[in-house]
Amino acid sequence: MVQLTRRNFLIATGWVAGGVTVLYTLRNRAVAVAPTIIIPNKESGAAWVQIRSDGSCLMYFTRVEMGQNANTGLAQIVAEELNIELEDIEAVQPSTSDIAPIAVTAGSMSLTAFSRPTAMAAATLRESMRALAAVKLGESLSMILDDAGGFQTADKRKVSYADLVDKDSVMVEFDDTKPSPALYTFDPQRSKKQVGRDATPIGIRGLVTGAAVYTADVPMQGVLYGRAIKPPVRSARITSLDTSGVAETSGFVELVRQGEFVGVVCKTPSALDAAMSKINVTWDLKIPINQDEIDRLIDVDAEMADGDLEHVLQDEAHRKDADWLIDLRFDVQTQSHAAQEPRAAIARFGDGSGAHKLEIWTGSQDPWGMKRFAAMDTGLSEDDVVVYAKRLGGGFGGREHYEVERDAVILARAVKRPVKVQWTRKDEFTASRCRPASAHRLRIATDDAGNLSDWWYGYITGHVVFSRERLPGWLLPVARLAGDMGVVKGALAPYSAPHQRVEYKDVDLPIDLGVWRSLNGAPAIFAIESAMDELAVQQGMDPVDFKIAQMKGKQPRLQVCLERVREMSGRRSLPHGSGYGRGFACGIFDDRSFVAVSADIHVDEIAQEIKVLHMCCVQDVGMAVNPDQLRAQAEGNMAWSVGMALLERFEVADDEIKSSNYDNYAIVRMSDMPSVDVEVVDQPSIPPAGAGEVALVAGPPAIANAIRNATGFRALRLPIAFADISS
Amino acid sequence: MKLKINGVERQVAADWQNENLLTVLREHFGLTGSRFSCGIGQCGACLVHVDGIPMTSCLIPVSEVVDKDVLTIEGLAAEDGTLHPLQQAWVDERVPQCGYCQSGQIMQALALLQNTPQPDDADIDRAMSGNLCRCGTYTRIRKSIKKAALVMKEAG
């Protein structure tokens, strides 16, 4: 029997004003949903779902919203468990004071980590309500049957949730060490009403009317406009600073210098632009910033010639001197997030009359991290700081750090007024922490029957998760020794060979690096899938047949994706004429998400361009909570695949980052976008896994393999230009 | 200094007369549906109509649109809240992901349909290729434009 108690915690945080609330504590699963820096303790429950005294349902979003619409999927789960409609749920993005700390929104982990806890919280609430219904109807618990929005008895006596709650606050305590109530979401036998349907994302109306509120849209009385100078790399130090004329700018309010921080506050955005343009800084970079330096640092061949790479992921009966049929090096470029929203934050220090001394509005992937860092930065206690999590105009891994928030906090404190900071587009390109460039050497040999006998894959990449300045200096060497989980994504191929070695090294590069959609997944799988395609073609084999054969039956879900994508692509014939080709690729992300992609391309000799005409994508990420949003993510990943394969070229030269805006860093446009067909493989009995960055691992090699099919040209370097083929 | 925004005459206060149109819309009048993204007219997130012509408002000094008619995304739905057929198509096709660019996309699509009521794929490519969407929602945008065009044709 569920224990009903009151909890001051929720009353203090304004959660409970009558109604029934679940206080759901994560004990067993704490690691999976823990923020990067805050582990929930036994006392910090996560109260996410509530039936209010009028019978309506309030749900706090546990994920930051950045277009992945994971919260809509979680709301579908709540609706399923409570027998209500999605429209019956009032969804609220909580502040850091509304609920206990929750994990950073990253790594496509939202449905993986939160679907079960969310289902358990809602199911616990449902069963608590059932107990109340039993009392109210004078029946035993087993006689109380589900009904839409409440319960009923066999003789059709009905009671709604609204009938069961009153103004008294009831807290239901539950944790995941206790026996779980029945979870409708995860019952494969059950015919579901909410889970598995194409639900329209919550809040979509605001996105088409302009009413949606991103950080910079938050109305703020008396706000001033601020910005700080961004160094070319975070390790740079100021050698000279000239601010003459800044204070004379019309609309100028304050110039703030604090160590390497140089910022300005003005009354209007144009005054701020004018004042910032007068600041001249020279930097001691400590390391040269240019492409040659990057190429030198990731020179995998030089390093492998010297001996083993630093980390070994796989080593089984490795033979260095096999008769290599494939011995190719693949180079993958640096890429920028280039999210449509330049990041923004608003900071406001209170006069002491409010509940918090510092309020921050920001679109961060990690609101609780921002709260903690702001407290450390200002010397305030964490209780004095609140972060209002706003919708992000694109995240893609680039919005996890306390940076624009810090800019706003420092400047707001200096002027004792609320300050809004929004990075310029150039700031975004300079400081968003790129996906590192990488170089991959792949060697493959076969036995007499043509099966893989030897596999030797070595690569060097810039750091991903443990990049410079992402961790305290003292911690970096320790963390790196343990291995960077971002750097190893995608490195283990789904193919079997008796003799295998996979080794890598991750290095510092002269630009700031970090997490970017799929991490090392897309670069590594580009190399693997290109090499396997080349081997098949050279042996006169069909690449799809060859890859399936080399999985040796050990990758049934991936095999199904590949078979289905071949069938799908076959429904449309390639145009006749020269320069048309079709390519395939497949991949696994995080051991749980499977994808295969086909690309139809045209190498157009007259227009001198490579055009992707059509892509098919088959994706299996387990249970499809919202198939339409799985398709949406796959479609977006196809756009990113075209960008990575053909367009995006991050330029560094002359000790500068040259890519500064969309006019010199091309991302996919409408005219570049192929038509896309997506098929989702639903697996009702397999818990949902991530879908946000899966298809990107297979898209770029599918395009490269299509170019090979059309022209015989094997792309060894991304992005691929038309001129590469003709030369 | 005054201009007409979504049919309503508005006075620009002295402090804001040196700003660009986007800043005035957002910071002065609180019409935040038009958004800042590139600042150089390269992405279309700030797109509005000035006297019926689509323009990137981040590049226009507000002084240049004095006495002109400005239409922003906030002025597109009917007063009773009924969505414009383009907006409705955007909802029906579930276009937005992060959503940041979508106001500009819809305003550009509106200009397209005003000039070319039944656009083909090449028309859509031409008209829409200045509006960037990092999330890559282009296939759904294309579908929505065609759908809205049909709805508007049937409605006459």
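Definitions and limits used
Residues numbered from 1 in each chain as written. Chains lettered and ligands numbered in written order. Predicted model: local features only at pLDDT ≥ 70, side-chain atom pairs only at ≥ 80, totals over all residues. Domains from an automatic or database assignment. Contact = placed C-beta atoms within 7 Å. Helix = DSSP H or I, 4+ residues; strand = E, 2+ residues; numbered from the N terminus. Nonpolar A, V, L, I, M, F, W, Y, C, P; charged D, E, K, R; others polar. Pairing = 2+ DSSP bridges. Axes fitted to C-alpha atoms, helices over the stretch in contact; angles between N-to-C directions. pLDDT = per-residue confidence, 0-100. Buried ≥ 20, exposed ≤ 12 C-beta atoms within 10 Å, placed from the backbone. Parallel < 35°, antiparallel > 145°, perpendicular 65-115°, else oblique. Left-handed = near helix turned anticlockwise from the far one by under 90°.

1. A few points about the domain arrangement of chain B
When the parts come together, some accessible area is lost, and that loss is often what is quoted as the size of the interface.
Residues and elements named next belong to chain B.
Okay, so step 1: Split into domains, chain B comes out as domain 1 (2–75) and domain 2 (85–154).
Okay, so step 2: Each of domain 1 and domain 2 has a C-alpha centre, and the two are 21 Å apart.
Okay, so step 3: Listed as interface residues are 13 residues of domain 1 and, on the opposing side, 11 residues of domain 2.
Okay, so step 4: Ranked by residues supplied to the side of domain 1 that touches domain 2, first place goes to strand β3 (residues 47–50) with three residues.
Okay, so step 5: Along the lines of polarity and charge, the residues of the side of domain 1 that touches domain 2 split into seven nonpolar, five polar and one charged.

2. Things to note about the sheet that holds strand β23 (residues 499–507) of chain A
Residue and element names in this part refer to chain A.
Okay, so step 1: If you trace the five strands from one edge of the open sheet to the other, you get β15-β23-β22-β21-β16, paired in mixed fashion. The outermost strands of the open sheet, each flanked by one partner alone, are β15 (311–316) and β16 (326–332). Strand after strand, the sheet turns through a mean of 5° between neighbouring axes, direction not considered.
Okay, so step 2: Relative to strand β22 (residues 452–462), strand β21 (residues 438–446) runs antiparallel, the two sharing nine bridges. For His 440, the partnering residue across the bridge sits in β22 and is Tyr 459.
Okay, so step 3: The strands touched by helix α14 (residues 521–538) are β16, β21 and β22; relative to β16, the strand with the most contacts, the crossing angle is about 145°.

3. Overview of the confidence of the model for chain A
Residue and element names in this part refer to chain A.
Okay, so step 1: Averaged over all residues, the pLDDT of chain A equals 90, while 91% of them reach at least 70.
Okay, so step 2: Low pLDDT, under 50, characterises residues 1–18; the stretch is placed with 37 contacts to residues that sit more than four places away or in other chains.
Okay, so step 3: Segment residues 26–45 is flagged for pLDDT under 50; beyond a separation of four residues in sequence, or across chains, it makes 48 contacts in the model.

4. Concerning the domain arrangement of chain A
Residue and element names in this part refer to chain A.
Okay, so step 1: Partitioning chain A into structural domains gives domain 1 (4–187), domain 2 (220–285 + 343–422) and domain 3 (298–335 + 434–726).
Okay, so step 2: In this assembly, 15 residues from domain 1 lie in contact with 13 residues from domain 3.
Okay, so step 3: Broken down by secondary-structure element, the contributors of at least two residues to the side of domain 1 that touches domain 3 are α3 (70–82) and α4 (110–137).

5. Side note on the interface of chain A and chain B
Okay, so step 1: In this assembly, 49 residues from chain A lie in contact with 47 residues from chain B.
Okay, so step 2: Mapped by element, the contributors of at least two residues to the side of chain A that touches chain B are α6 (204–209), α7 (269–277), α17 (627–647) and β29 (675–680) of chain A.
Okay, so step 3: No other element matches the seven residues that α17(A) contributes to the side of chain A that touches chain B.
Okay, so step 4: Split into classes, the residues belonging to the side of chain A that touches chain B amount to 25 nonpolar, 15 polar and nine charged.

6. Quick notes on helix α1 (residues 21–28) of chain B
Okay, so step 1: Of all the eight residues making up α1(B), seven are buried; the element is thus mostly covered by neighbouring parts of the structure.
Okay, so step 2: For α1(B), the set of buried residues is Leu21(B), Leu22(B), Thr23(B), Val24(B), Leu25(B), Arg26(B) and Glu27(B).
Okay, so step 3: Taken together, the buried residues of α1(B) touch α7 of chain A.

7. Things to note about the packing of α14(A) against helix α15 (residues 543–550) of chain A
Residue and element names in this part refer to chain A.
Okay, so step 1: Two elements in contact, α14 and α15, have axes separated by 9 Å at closest approach and are oriented at 115°. Compared by their axis directions, α14 and α15 come out roughly perpendicular. When the axes of α14 and α15 are compared, the crossing they make is right-handed. The residues of α15 that touch α14, namely those facing Met 532, Asp 533, Ala 536 and Val 537, are Pro 543, Phe 546 and Lys 547.
Okay, so step 2: A breakdown of the residues in the contact of α14 with α15 according to their chemical character gives five nonpolar, no polar and two charged.

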